[in-house]
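This is what each chain is made of:
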Amino acid sequence: MQDGKRKTTTRRLLGACLAALVALGGASAAMAQTAADMDARLDTLFGEHAPYRGFFDKLKQAVATGDKAAVAAMVDYPFRTRVEGKAVTIRDAGHFIADYDSIVTPKVKDAVSRQAYPELFANWQGISIGSGEIWFGGVGERNDVKITAINH
């Protein structure tokens, strides 16, 4: 008889856990962030979202079309990264374009292509695409939006 009660209790507990997981899954889907939510988050963090949203859209387009010059123009120089396993400082857009394929790797391109605006990660340090493949934010006295890191 004890085994029967134990099995019943275990089944009830497992059922309650399953119900909780299903409820949480529904809650996370309901809490999905919208573009308006991201706009509000960026407004709170940086004062206004428009420059960041526009930058993201231009970057996504430039990477998708392989426009190396456009991507290079979006970088904050000098820029530290790794090329062929070595730490290097990219001095200017010409240097970036020359090493573009070693910097904007297929992993980076994939992260950019998969990234949706509402799902960006943003904090006081800037905005991240993918799992940190690209970081961008406001730099300098004019707070120009630029790429500050590319992690491949």
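Scope of this entry: the structure provided in the associated data block. (Residues numbered from 1 in each chain as written. Predicted model: local features only at pLDDT ≥ 70, side-chain atom pairs only at ≥ 80, totals over all residues. Heavy atoms only, no water.)

**Notes on the packing of aromatic side chains**
And then number 1: Under the defined criterion, the tally for this structure stands at six aromatic pairs.
And then number 2: Between Phe-55 and Phe-136 the ring centres are 5.0 Å apart and the planes differ by 35°, which places this aromatic pair in the tilted class. Separated by 81 residues along the polypeptide, Phe-55 in helix H3 (residues 50-65) and Phe-136 in strand E5 (residues 134-139) bring together distant segments of the chain.
And then number 3: Exposure remark for Phe-55: the relative accessible area of 7% places this residue in the buried category.
And then number 4: Exposure remark for Phe-136: the relative accessible area of 0% places this residue in the buried category.
And then number 5: Aromatic pair Phe-56 and Tyr-117: ring centres 6.2 Å apart, planes at 45°, arrangement tilted. One end of the pair, Phe-56, is in helix H3; the other, Tyr-117, is in the loop between helix H7 (106-114) and strand E3 (121-123), with 61 residues separating them in the sequence. (Phe/Tyr/Trp six-rings, centres within 6.5 Å; stacked < 30°, edge-to-face > 60°. Helix = DSSP H or I, 4+ residues; strand = E, 2+ residues; numbered from the N terminus. Buried < 20%, exposed > 50% of the residue type's maximum accessible area, 1.4 Å probe, protein only.)

**Let's talk about the packing of H3 against H7**
And then number 1: Put simply, H3 and H7 touch, their axes get as near as 9 Å, and they point 130° apart. With respect to H7, the axis of H3 lies oblique. Viewed along their axes, H3 and H7 form a crossing whose handedness is left-handed. Every residue of H7 that contacts H3 at Leu-59, Lys-60 and Val-63 is listed here: Lys-109, Val-112, Ser-113 and Arg-114.
And then number 2: Of the residues assigned to the contact of H3 with H7, the class counts are three nonpolar, one polar and three charged. (Axes fitted to C-alpha atoms, helices over the stretch in contact; angles between N-to-C directions. Parallel < 35°, antiparallel > 145°, perpendicular 65-115°, else oblique. Left-handed = near helix turned anticlockwise from the far one by under 90°. Contact = heavy atoms within 4.5 Å. Nonpolar A, V, L, I, M, F, W, Y, C, P; charged D, E, K, R; others polar.)

**Comments concerning the nonpolar core**
And then number 1: Counting residues in hydrophobic clusters, the biggest one holds 31 residues, and the most contacted among them are Leu-59, Phe-96, Ile-147 and Ile-150.
And then number 2: The element best represented in this core is H3, accounting for six residues.
And then number 3: In contact with Ile-150, not counting residues within four places along its chain, are Phe-79, Thr-81, Phe-96, Ile-103, Val-104, Val-108, Glu-133 and Ile-134. (Core = buried A, V, L, I, M, F, W, Y, C linked by side-chain atoms within 4.5 Å.)

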